[in-house]
Structures are given as structure tokens and as C-alpha cells.
Amino acid sequence: MKNARNIISFLGLVVVVVVLEIASGGALLTLDNVSTIVNELFVLMIGSCAMVFLMAQACMDLSMMGNAAFSCVFAVYAAKINPFLAIPVGIAVGIAIGVVNGLIHTYGKINSLITTIGMSFVLAGLMMLAMNNQGTIPAPMEMHKMDNTALRIVVLVIVGIAGWILFEHTRYGKYCKAMGSNLEAARQSGINIKKIKMISFMLVGGICGLLAFFSILRTGTASSSVATGTQFNILIAVLLGGVSITGGSTSKFRAAIIGSLTMAFLSVGMTICGVDVTMQQFIKGAIFLGIVTVTYDRQGIVIIK
């Protein structure tokens, strides 16, 4: 079953690329679309590389884009002082939100799904206060000039390698999978459950701050609509890559890579083929429901912890 899931996820990527390449009349895999695919892939893969640590534990964070949008605001304010402050400030704000999520989930003992959905609403309200009810806040022009595809590719590679090492070759990654397999058994074996969960939420938060910085580079502004709904695409990407929604020892880091590629080609390909936005949402929703139906462990009492 484990090997079958890995093979199916890879075959799914191949099928998506081939079908959309044919459907688009060969327009998908062209040099003109490289930048578009990289931009789509960047957010998905960076987010998935963090989300996979939580999903291996059968947890998730649906406040990611709210976190990124909120971090954008403070990163822009910092950039007005000095553009180089945007990265540390954005990441620091993202981590701080991750700490709050982690504290509520671990010490408040509230389901991660409920915690992060609630946080997304809180951040939406706080953003309006932080922005003084403005629709957008412009960043310094020199930041927009820093945006380029090569930089995104370099960051993708660095984050991908670092994430792979952390997930597959450290105790932390192994603990994440052990907690997803059996939380109580992991606790009795001496794993500090609260510590691992806190680190995971902080990791996701830090990645949100990084995405906030690159959003500013691309758009030149901070706004409440930063990558709206992208956290669901990230969730689907990790599932498409082969991670079960119930987490566990079968979780592999390559799921973040394969799933992100699949979702990026799917999104860009459907747009090139002229698929209506509403239909795109329907297709993604159907994919999500299909994967969850097939992969979740029906023997488990709790699915999302």
C-alpha cells in the first residue's frame, strides 16, 4: 500500500502534465509559461514543505494565508524604514502567530483545525486595524525591483533541501511521524509532544513570513487578499503527494514536492485551457474529497488532532 501510494502520486503528476499539455495544444510546457509556473509552484511548494510536518502529525494550519497577509503588513512598514528589515520582521511576525496557534492547540487542547480557522478570522480583523482600514499599503519601489524568477528558484531549492533533511534525517521529523501514527504511544515513549507541536507551528509561521516577503516583491503592496485560499491548495498538494490526512509513519517529504508540482501544473494548465474559476474550484474540491475518502484511516477515532 505504501509503495502503491508513492507510485500513484507520481503517476498522477505525469497524467496531469500530459493531459493538460494535449488539452492546451502544447501551450503548457513553453518558455513563456516558465515564470507563471514557477510563481505558482513557489507558494505551493514552500508552504507544503512546512505543512507536511504538521500533516504527518495529523494536524494542519488553515491560517497560513491569513498569517502571510498579516506578516506582509508589518514587513511593508519595516521596509519603509529599511528594505532589508522586511525579511526578519515578516518572519518574526509569522513565527509569533505560529507560537499563539501552538499555545492554543497544545495547552488549550483545542483541535488544530478549529484553532487555525479561528486564528484566520482574528488575523482578518487585526489586519484592518494594522492597515487603518486601507485596502492596500504600497511598499518601497526598490523592493518590487528585487523580484525575479531566479531568486525564487534558489529559495525553492534551499527550502526543499533543508526540509527534506529535517523531515527524513532528524529525530524531529521522525517524532512528527510517530505522533501521527499513535499520539499516546509517542508520549509514553518519551517524546515531548507539546515541544514538537510548538516547533511545527512556529516552522509553519516562519514560512508564512517568508512567503509574505516574496508576496511584497511580486505585488509591491500589502493587502488582505494575499494568496487568498492558497492554504487549501497547499493542503491538497500534500495529500496529492501521498500523505494521508491521518498522518503517520507513511508520510514522506517527497509528497510536498510531487504534490506541489501536480497542483501548480493543474492550476496553470486549467487557466491556459480557459477553465472557469468556479469550475477550477469545483475540480479542486472534488480532488480533495476523493483523496480524503481513499486515504484516511477509518480505524482512527480522531482524524485531525
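Higher on the page you've got the structure.
Conventions we followed
Residues numbered from 1 in each chain as written. Predicted model: local features only at pLDDT ≥ 70, side-chain atom pairs only at ≥ 80, totals over all residues. Heavy atoms only, no water. Core = buried A, V, L, I, M, F, W, Y, C linked by side-chain atoms within 4.5 Å. Buried < 20%, exposed > 50% of the residue type's maximum accessible area, 1.4 Å probe, protein only. Helix = DSSP H or I, 4+ residues; strand = E, 2+ residues; numbered from the N terminus. Contact = heavy atoms within 4.5 Å. Axes fitted to C-alpha atoms, helices over the stretch in contact; angles between N-to-C directions. Parallel < 35°, antiparallel > 145°, perpendicular 65-115°, else oblique. Left-handed = near helix turned anticlockwise from the far one by under 90°. Nonpolar A, V, L, I, M, F, W, Y, C, P; charged D, E, K, R; others polar. Salt bridge = Lys/Arg side-chain N within 4 Å of Asp/Glu carboxyl O. Phe/Tyr/Trp six-rings, centres within 6.5 Å; stacked < 30°, edge-to-face > 60°.

> I tried to follow the nonpolar core on my own but got confused; where do I start?
Generally speaking, soluble globular proteins have nonpolar side chains that are buried together. Counting 88 residues, the largest nonpolar core has Phe42, Ile46 and Met143 as its most contacted members. Element by element, the count of residues in this core is highest for helix 2 (residues 34-55), at 14 residues. Non-local contacts of Ile46, meaning those with residues more than four positions away in its chain, are made with Leu41, Val155, Leu156, Val159, Ile207, Leu210 and Leu211.

> I tried to follow the packing of helix 3 (residues 64-81) against helix 10 (residues 193-219) on my own but got confused; where do I start?
Two packed helices can be described by the angle between their axes and the distance between those axes. Contact geometry of helix 3 with helix 10 gives a least axis separation of 8 Å together with a crossing angle of 55°. The pairing of helix 3 with helix 10 is recorded here as oblique in orientation. Regarding helix 3 and helix 10, the two cross each other, and that crossing is right-handed. Contacts from Met64, Met65, Asn67, Ala68, Ser71, Cys72, Ala75 and Val76 in helix 3 reach Val204, Gly205, Cys208, Gly209, Leu211, Ala212, Ser215 and Ile216 in helix 10. Each residue belonging to the contact of helix 3 with helix 10 can be placed in one class, and the counts come to eleven nonpolar, five polar and no charged.

> I tried to follow the pattern of salt bridges on my own but got confused; where do I start?
Proximity of charged atoms lets side chains of opposite charge pair with each other. Summed over all chains, the structure comprises three salt bridges. For Arg152, the salt bridge is made with Asp147, and the minimal N-O distance between the two is 3.1 Å. As a salt-bridge pair, Lys177 and Glu168 come within 3.4 Å of each other at their nearest N and O atoms. Owing to a relative accessible area of 11%, Lys177 belongs among the buried residues under this scheme.

> Sorry if this is basic, but what is going on with the packing of aromatic side chains here?
Think of a pair of aromatic rings as described by two things: how far the centres are apart, and how the planes are tilted against each other in angle. On inspection of all chains with the given rule, the structure shows seven aromatic pairs. Considering the side-chain rings of Phe42 and Phe214, the 4.8 Å spacing of their centres and the 55° angle between planes classify their relative orientation as tilted. Here Phe42 is found in helix 2, whereas its partner Phe214 is found in helix 10, with 172 residues between them in sequence. Ring geometry for Phe53 and Phe167: centres 5.1 Å apart, planes at 80°, overall edge-to-face. Taken together, the residues Phe53 in helix 2 and Phe167 in helix 7 (residues 149-168) connect sequence positions 114 residues apart. We classify Phe53 as buried; its relative accessible area is 1%.

> What should I look at first to understand the packing of helix 2 against helix 7 in this one?
Two elements in contact, helix 2 and helix 7, have axes whose closest approach is 10 Å; the angle formed by their N-to-C orientations is 20°. When the axis of helix 2 is compared with that of helix 7, the two are roughly parallel. Taken as a pair, helix 2 and helix 7 cross one another with a handedness that is left-handed. Of helix 7, the residues touching helix 2 (which contributes Ser35, Val38, Asn39, Leu41, Phe42, Met45, Ile46, Cys49, Val52 and Phe53) are Thr149, Arg152, Ile153, Val155, Leu156, Val159, Gly160, Gly163, Leu166 and Phe167. Class assignment of the residues belonging to the contact of helix 2 with helix 7 gives a composition of 14 nonpolar, five polar and one charged.

The analysis is restricted to geometry; functional conclusions fall outside its scope.
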